[in-house]
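Here is what each chain is made of, one letter per residue.
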Amino acid sequence: MALTKIITPGITDDDVTAVKIADGAVTAAKLASAVPLGKVLQVVTAIDQTSRSTTSATFTDITGLSVTITPSSTSSKIYVICNTTGHSGTTSASSYYTLLRGSTNLATNALANIYSAATDLELPVTMCILDSPNTTSATTYKAQFRRSSASGAAGAQYNNTLGSITAFEIGA
């Protein structure tokens, strides 16, 4: 990466030094108030590397892909991102994936799906959503999956690949 020097005709290299900044002039509170809204306040994550499978046609928890975060303000937003390796192992069937806050599905139905026109289709699945939980209580976000009404199974962390879920509190 090329370095760029900013030319400042009225300011020389020694004009601003730590000695010239008064004690107490820069505080954590002043820095926090100077940073615009939208900064990341906290991050929680969980990882799982155990292959999961379900034959349920209703959404079921993907064990290991769950995090709990306690927002510091009711106006905070929570950005959730979840990655897994999905699997649909039956011809002409789908596997569906979604994210929940508590027991509330954050999608109308599913955030992602894999349709298998052939047996044993595995693909990366990434789901992300920006949520406004409007609470300062501990809030759990989790991933769920299900198969379509056709026979077969839906998979997550297929072949013991790494799955993860991360929640970011964003100041608002």
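Here the structure is shown first, and the text comes after it.
Residues numbered from 1 in each chain as written. Predicted model: local features only at pLDDT ≥ 70, side-chain atom pairs only at ≥ 80, totals over all residues. Heavy atoms only, no water.

Enquirer: I'd like a rundown of the overall build of the chain, residues and numbers included.
Expert: Looking only at helices and strands, one finds one helix and eleven strands in the chain. Of the regular secondary structure in the chain, the N- to C-terminal order runs α-β-β-β-β-β-β-β-β-β-β-β. Across the 172 residues that make up the chain, the buried fraction comes to 34%. Across the chain, every contact between residues at least 6 apart in sequence was considered, and the portion connecting residues at least 24 apart equals 79%. Summed over all atoms, the accessible surface of the chain reaches about 9,800 Å², with 56% contributed by carbon and sulfur. (Helix = DSSP H or I, 4+ residues; strand = E, 2+ residues; numbered from the N terminus. Buried < 20%, exposed > 50% of the residue type's maximum accessible area, 1.4 Å probe, protein only. Contact = heavy atoms within 4.5 Å. Areas by Shrake-Rupley, 256 points an atom, 1.4 Å probe, with all protein chains shown as cover.)

Enquirer: Could you give an account of the pattern of salt bridges, naming the residues involved and the relevant values?
Expert: What the rule picks out here adds up to three salt bridges. Residues lysine 142 and aspartate 61 are paired through a salt bridge, measuring 3.3 Å at the closest nitrogen-oxygen approach. Here lysine 142, found in strand S9 (residues 139-147), pairs with aspartate 61, found in strand S3 (residues 60-69); they are 81 residues apart in sequence, far enough to count as distant. A salt bridge links aspartate 131 to arginine 101, with the shortest nitrogen-to-oxygen separation between them at 2.6 Å. With aspartate 131 in strand S8 (residues 121-131) and arginine 101 in strand S5 (residues 93-101), the pair connects residues that are 30 residues apart, well separated along the chain. The buried category is assigned to aspartate 131, whose relative accessible area is 7%. For arginine 101, a relative accessible area of 23% corresponds to the partly exposed category. (Salt bridge = Lys/Arg side-chain N within 4 Å of Asp/Glu carboxyl O.)

Enquirer: Can you tell me about the pairing of strand S4 (residues 77-88), naming the residues and giving the values?
Expert: With seven bridges joining them, S4 and strand S11 (residues 163-170) adopt antiparallel strand pairing. Pairing of valine 80 across the sheet is with alanine 167, part of S11. Pairing geometry for S4 and S8, over eleven bridges, is antiparallel. Along S8, the bridge assignment pairs histidine 87 with glutamate 122. Where S4 meets strand S10 (residues 154-156), two bridges bridge the pair, whose relative direction is antiparallel. Among the inter-strand pairings, serine 88 is bridged to a residue of S10, identified as alanine 154. (Pairing = 2+ DSSP bridges.)

Enquirer: Got a sec to walk through the nonpolar core? Specific residues and values, please.
Expert: In this structure, Val80, Tyr97, Leu99, Met127 and Ile165 are the most contacted members of the largest nonpolar core, which totals 23 residues. Those elements that provide at least two residues to this core are S3, S4, S5, strand S7 (112-116), S8, S9, S10 and S11. In terms of residues, this core owes the most to one element, S3, which gives four residues. (Core = buried A, V, L, I, M, F, W, Y, C linked by side-chain atoms within 4.5 Å.)

Enquirer: Would you mind going over the pairing of S11 in detail, with residue names and values included?
Expert: For S11, the tally of buried residues reaches seven of eight residues, placing the bulk of the element in the interior. Here eight bridges tie strand S1 (residues 40-48) to S11, and the two strands are oriented antiparallel to one another. Bridge pairing in S11 places valine 40 opposite isoleucine 170.

Enquirer: Give me the packing of aromatic side chains: which residues, what numbers.
Expert: Any two aromatic rings considered together are summarised by their centre-to-centre distance and by the angle between their planes. Summed over all chains, the structure comprises two aromatic pairs. The interplanar angle of 35° and the centroid separation of 6.3 Å between the aromatic rings of tyrosine 97 and phenylalanine 145 together place this pair among those described as tilted. Here tyrosine 97 is found in strand S5, whereas its partner phenylalanine 145 is found in strand S9, with 48 residues between them in sequence. Considered together, tyrosine 97 and phenylalanine 145 belong to a single accessibility category, that of buried residues. (Phe/Tyr/Trp six-rings, centres within 6.5 Å; stacked < 30°, edge-to-face > 60°.)

Enquirer: Describe the environment of leucine 162, listing the residues and the values that go with them.
Expert: Relative to the assigned elements, leucine 162 resides in the loop between S10 and S11. When the C-alpha atoms of leucine 162 and aspartate 48 are compared, they prove to be 5.9 Å apart, with 114 residues separating the residues in sequence.

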